[in-house]
Amino acid sequence: MKYSSEVEAMCPLKKGAYHGPAPIPQEGKWTQATQITDISGLTHGIGWCAPQQGTCKLTLNVKEGIIREALVETVGCSGMTHSAAMAAEILVGKTLLEALNTDLVCDAINTAMRELFLQIVYGRTQTAFSEDGLPIGAGLEDLGKGLRSQVGTTYATMEKGPRYLELAEGYITKIAVDDNDEIIGYKFVHLGKMMEMIAKGMDANEALEKASGQYGRVDDAAKLLDPRHE
């Protein structure tokens, strides 16, 4: 260890009492974290790339400093979907510190990792006050039936108005419109459920019907429109 001549010339003084770091809430306990292995928690957050052309929602389940589970969801850039596949492989098994300093291929995913690191090490996780946190697999359960991300895609022009293309319930097949040409509901198909049924041997048309539903006042509609072609 090198010291400057000014410091070398100083007389030594003893340091006072050491109280340690402020405790942070983690999985139902208060922890004075001094090592990366002291950190645990499940949390999620978003990141974005420099040109802001895409975003990533990242979910991490960390136990004793090591990422045990990672869910990577991306929107807005075709290259990000391939990056997500690589990030899922790269992240698990790494310590938080390793993951923070790892090239996760896509800037949006890198940014999400940075933001989640801050949440986790400052005790701002979703499981801060949940005893023992959440088991490995909790991130996957967030996706629900069919294991598909909840995606919302809507579009509008001033001349032609809004179009609902995909919402939390699923892929929009028809939008219900009243006599004033205002949207009052929609029909949808849950693609995750439909593909599961087809994979189990069900006829595609039957699966489509069983995975379909509607929301709002569809039965009162003056007309039903195809949001992609009408």
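Shown above is the structure to which this text applies.
Notes on the structure follow. Since this is a predicted model, take the numbers as computed values, not measurements.

## Overview of the overall build of the protein chain
Next up, step 1: Helix and strand counts for the protein chain come out as seven helices and eleven strands.
Next up, step 2: On C-alpha atoms alone, the protein chain measures out to a radius of gyration of 25 Å, which is more than a quarter above the 17 Å that the 2.2 N^0.38 rule sets for 230 residues.
Next up, step 3: Here the C-alpha coordinates of the protein chain stretch approximately 90 × 40 × 30 Å along the principal axes.
Next up, step 4: Taking all 230 residues of the protein chain together, the buried fraction comes to 33%.
Next up, step 5: Summarising the internal contacts of the protein chain: among those between residues at least 6 apart in sequence, 51% fall at separations of at least 24.
Next up, step 6: Carbon and sulfur atoms form 53% of the exposed surface of the protein chain, whose accessible area is close to 14600 Å².

## Brief notes about the nonpolar core
Next up, step 1: Core analysis: the biggest nonpolar cluster contains 24 residues, and C56, L58, L60, I67, L91, L96 and M113 have the highest contact counts within it.
Next up, step 2: Mapped onto this core, the elements with two or more residues apiece are β4 (55-63), β5 (66-75), α2 (78-91), α3 (96-100) and α4 (107-121).
Next up, step 3: Looking at this core element by element, the count peaks at seven residues for α4.
Next up, step 4: Leave out the neighbours within four places in its chain, and I67 touches L60, N61, V62, L91, V92, G93, K94, L96, A99 and M113.
Next up, step 5: The next biggest cluster of nonpolar side chains, apart from the first, holds seven residues, and it includes I172, V177, Y186 and L225.

## Notes on the packing of aromatic side chains
Next up, step 1: Summed over the entire model, instances satisfying the criterion amount to four aromatic pairs.
Next up, step 2: With 6.2 Å between their ring centres and 70° between their planes, W30 and F129 make a pair best called edge-to-face. With a gap of 99 residues between them, W30 in strand β2 (residues 29-31) and F129 in the loop between α4 and α5 (138-141) connect regions that are remote in the sequence. The exposure classification of W30 matches that of F129, with both residues exposed.
Next up, step 3: With a centroid separation of 6.0 Å and an interplanar angle of 75°, the aromatic rings of Y164 and Y186 are classed as edge-to-face. Of the two residues, Y164 sits in strand β7 (residues 161-167) while Y186 sits in strand β9 (residues 183-189), which places them 22 residues apart along the sequence.

## With respect to unusual backbone geometry
Next up, step 1: Phi at E27 is positive, roughly 50°, even though this residue is not glycine.
Next up, step 2: Residue placement: E27 occurs in the loop between β1 (24-26) and β2.
Next up, step 3: The phi angle at D181 is positive, at roughly 60°, despite the residue not being glycine.
Next up, step 4: By the element assignment, D181 lies in the loop between β8 (170-177) and β9.

## As for the pattern of salt bridges
Next up, step 1: Tallying each qualifying case throughout the model produces five salt bridges.
Next up, step 2: The partner of K63 in a salt bridge is E27, with the nearest N and O atoms 3.0 Å apart. Highlighted residues: K63 in strand β4 and E27 in the loop between β1 and β2, separated in sequence by 36 residues. For the pair K63 and E27, a shared accessibility class is recorded, and that class is buried.
Next up, step 3: In this structure, E166 engages R148 in a salt bridge whose closest nitrogen and oxygen atoms are separated by 3.0 Å. Taken as a pair, E166 in strand β7 and R148 in the loop between α5 and β6 (153-157) lie far apart in primary sequence, 18 residues in all.
Next up, step 4: Given the relative accessible area of 15%, E166 is considered buried.
Next up, step 5: Its relative accessible area of 33% is what places R148 among the partly exposed residues.

Rules behind the numbers
- Residues numbered from 1 in each chain as written.
- Predicted model: local features only at pLDDT ≥ 70, side-chain atom pairs only at ≥ 80, totals over all residues.
- Heavy atoms only, no water.
- Helix = DSSP H or I, 4+ residues; strand = E, 2+ residues; numbered from the N terminus.
- Rg over C-alpha atoms; globule rule 2.2 N^0.38 Å.
- Buried < 20%, exposed > 50% of the residue type's maximum accessible area, 1.4 Å probe, protein only.
- Contact = heavy atoms within 4.5 Å.
- Areas by Shrake-Rupley, 256 points an atom, 1.4 Å probe, with all protein chains shown as cover.
- Core = buried A, V, L, I, M, F, W, Y, C linked by side-chain atoms within 4.5 Å.
- Phe/Tyr/Trp six-rings, centres within 6.5 Å; stacked < 30°, edge-to-face > 60°.
- Salt bridge = Lys/Arg side-chain N within 4 Å of Asp/Glu carboxyl O.

Taken by themselves, the reported measurements are silent on function.
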